[in-house]
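Remarks on the overall topology
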Amino acid sequence: MKLPNFSGPAYESQSLIVAGERCINLYPEVVETPSGKNRMALYPCPGLSAFATLTDTPGRGLFGEDERLFAVGGATLFQITSAGVVTNRGAVAVNANPATLSVNGDGGDELFLTSGGSGYILDLLTNVLTLEADAGVVTMAGQLDGFFVALDATTSTMKISELLDGKTWDPLQSVQRTAASDPWEAMLISRREIFLFGEKTGEVWYNSGASPFPFEQRLGAFFEIGILAPFSIARLGHTMAWLGRSAQGSGIVYWMNGYTPNRISNHAVEWAIRNYIADGGVSNAIGWSYESQGHSFYVLTFPTQARTWVYDSTTNSWHERGKWSPISNDFIAYRPMFHAQMFDRNLVCDSQGSTVYALSSTVYVDSDSEVLRRVRRLPHLSQENKRLFFHSFELEAERGVGLVSGQGSDPVVVLRTSNDGGQTWGSDRERDVGPIGRYDQRIRWDGCGSGRDRVWEIWSSDPVPTRWFDAYVGVEVGSA
């Protein structure tokens, strides 16, 4: 029989007996032709190819525009060429928050950087970096219609620079929140509008051309969902996603549909987040996004718990990403963080190191060139609690993908099983995927025992393409 929902997402419920599916470093993709062998497939999340090395660590921000790429590593702003050559552009302050970067276009030729609560201007013509003391305390910033727009979350104040002049900040060109009592904590500029988030509510401002302050609150664009982690907010396609909260509760992930927050997390993700809140909190969660091969991914990392969840808006599904730790025998947080699409690459910072990586669908290693383990834990297989006798398990996958030499020249996939709904597990059993060119290799395990509630899990860590499509089980149903 064909196992149901093989190419499914991660969904680990409150009770593993109900649902305990995991999908780690793999994502489901719909096969868009009706004549395909399968309707869904599991494809590998990208590996990491070193693009540049910073001389300060860790990566705290990344931005690219007009063929110029900038990264913040530790307490330093860097510029990086298309060949990966790194130039130090100056020192910046540091605190626990990420850095934000934006530019005001050809009319201003300035890059505005926020880091450590301060604002800095890099003159893009002279490459001189200056601290902009008149900007005051700055938590995060962006650019709209030639104005740099900055949020000071300590005073719930939005302020703007002069038009096309990030070195001039008039203290009268600022506003404090009045629409609700919860102070602004986060800001994102999208669709030529300023989205401002408090703890429990949010609102939208736009450039109305008013004088003396040109921005006004957009009527009818007030929403009663706030933000739980200020730097969890990130663009997602033509809108945004964030980890939210409201007056009624917290720990739900939303995306903005017009001016209406819509829930995109599911109960399994929310159960995980609820546990993270109880285990050290999630206010430091960081979100970022990228697009690849028709998918739009929102990546949400919880640094305190070293866990990463990813939402794929194309399939409306969640999967996990993580770096395998042989020391703890478990996954830890996905190291890539922040993103810039530059030089025809999806570039990311290393949140714990000095490397800027390119996400690559043809590279099969993790950060520091270490193994990239991929796991699929399948749904329960049971039938009215009767004993099931399993003669075989066969994996349908891309075969003959071995490398010419070294690790991966004779790749394997590993199977293990649980007969108590995923609480405990049996021993690992390896099977060959096939050396290069052996496309008819069968990936089959015989003599798979029996059980009343069987969960199967497969994993692989060889640096080869990991594409899995289906699984077939030879099974007989007992009488009781």
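In the block above lies the structure referred to throughout.
One structure accompanies this document, and this report is about it. (Residues numbered from 1 in each chain as written. Predicted model: local features only at pLDDT ≥ 70, side-chain atom pairs only at ≥ 80, totals over all residues. Heavy atoms only, no water.)

A closer look at the sheet that holds strand β13 (residues 129-131)
Note: strands within a sheet are paired through backbone hydrogen bonds, in either parallel or antiparallel orientation. Strand order in the open sheet formed by four strands is β10-β11-β12-β13, with antiparallel pairing between adjacent strands. The open sheet has two free edges, formed respectively by β10 (100-103) and β13, since each of these has just one partner strand. Strand after strand, the sheet turns through a mean of 20° between neighbouring axes, direction not considered. As paired elements, strand β11 (residues 110-115) and strand β12 (residues 118-123) share six bridges and run antiparallel to each other. Across the sheet, Leu-111 pairs through a bridge with Leu-122, a residue of β12. (Pairing = 2+ DSSP bridges. Helix = DSSP H or I, 4+ residues; strand = E, 2+ residues; numbered from the N terminus. Axes fitted to C-alpha atoms, helices over the stretch in contact; angles between N-to-C directions.)

A short note on helix α2 (residues 267-278)
Taking 1.5 Å as the rise per residue, α2 with twelve residues should run 16 Å; its terminal C-alpha atoms sit 16 Å apart, in good agreement. Among the residues of α2, Ala-268, Val-269, Glu-270, Ala-272, Ile-273 and Tyr-276 are the ones counted as buried. Its side-chain oxygen placed 3.1 Å from the backbone nitrogen of Ala-268, Asn-266 serves as the N-cap of α2. Residue Gly-280 follows α2 closely and has a positive phi angle near 100°. (Expected span 1.5 Å × (residues − 1). Buried < 20%, exposed > 50% of the residue type's maximum accessible area, 1.4 Å probe, protein only. Polar contact = N/O pair within 3.5 Å; in protein donor to acceptor, adjacent residues only side chain to side chain.)

Details of the sheet that holds strand β6 (residues 59-65)
Pairing is antiparallel across the open sheet formed by four strands, whose spatial order is β6-β7-β8-β9. Lying at the two open borders of the sheet, with one neighbouring strand each, are β6 and β9 (86-91). In this sheet, adjacent strand axes meet at a mean angle of 20° when their direction is disregarded. With six bridges connecting them, β6 and strand β7 (residues 68-73) associate as antiparallel partners. By the bridge assignment, Phe-63 is partnered in β7 with Phe-70.

Overview of the environment of Leu-415
Locating Leu-415 in the fold gives a position in strand β38 (residues 412-418). Considering only alpha carbons, one finds Leu-415 and Asp-453, 38 residues apart in sequence, at a separation of 16 Å. Residues within four places of Leu-415 in sequence aside, it is in contact with Phe-393, Ser-427, Asp-428, Arg-429, Trp-445, Trp-456, Glu-457 and Ile-458. (Contact = heavy atoms within 4.5 Å.)

Notes on the pairing of strand β16 (residues 157-160)
Residues Thr-157 and Lys-159 of β16 are buried on one face, and the alternating residues Met-158 and Ile-160, pointing to the opposite face, are buried as well. Bridge count for strand β15 (residues 147-152) against β16 is four bridges, and the pairing is antiparallel. Residue pairing across strands places Val-149 opposite Ile-160, the latter belonging to β16. Remark: four residues form the turn of the hairpin made by β15 and β16, two consecutive strands paired antiparallel; Ser-156 in that turn has positive phi of roughly 55°. When β16 meets strand β17 (residues 174-176), the two strands line up antiparallel, connected through three bridges.

Comments concerning the pattern of salt bridges
Going through the model one piece at a time under the given rule, you end up with 25 salt bridges. Between Arg-376 and Glu-21 there is a salt bridge; the shortest N-O distance is 2.7 Å. Of this pair, Arg-376 sits in strand β36 (residues 374-377) while Glu-21 sits in strand β2 (residues 20-24); the two residues are 355 residues apart in sequence, bridging distant segments of the chain. Both residues of the pair, Arg-376 and Glu-21, count as buried. The residue Asp-368 makes a salt bridge to Arg-335 at a minimum N-O spacing of 3.1 Å. In this pair, Asp-368 sits in the loop between β35 (355-360) and β36 while Arg-335 sits in the loop between β32 (330-332) and β33 (336-342), placing the two residues 33 residues apart along the sequence. (Salt bridge = Lys/Arg side-chain N within 4 Å of Asp/Glu carboxyl O.)

Examining the environment of Ile-252
When you line up the elements, Ile-252 lands in strand β25 (residues 250-257). A residue is classified by how much of its surface remains accessible, and Ile-252, at 26% relative accessible area, is partly exposed. Taking C-alpha positions, Ile-252 is 15 Å from Gly-202, a pair spaced 50 residues apart along the chain. In this view, Ile-252 contacts Trp-242, Leu-243, Gly-244, Arg-263, Ser-265 and Glu-270; residues no more than four positions away in its chain are not counted.

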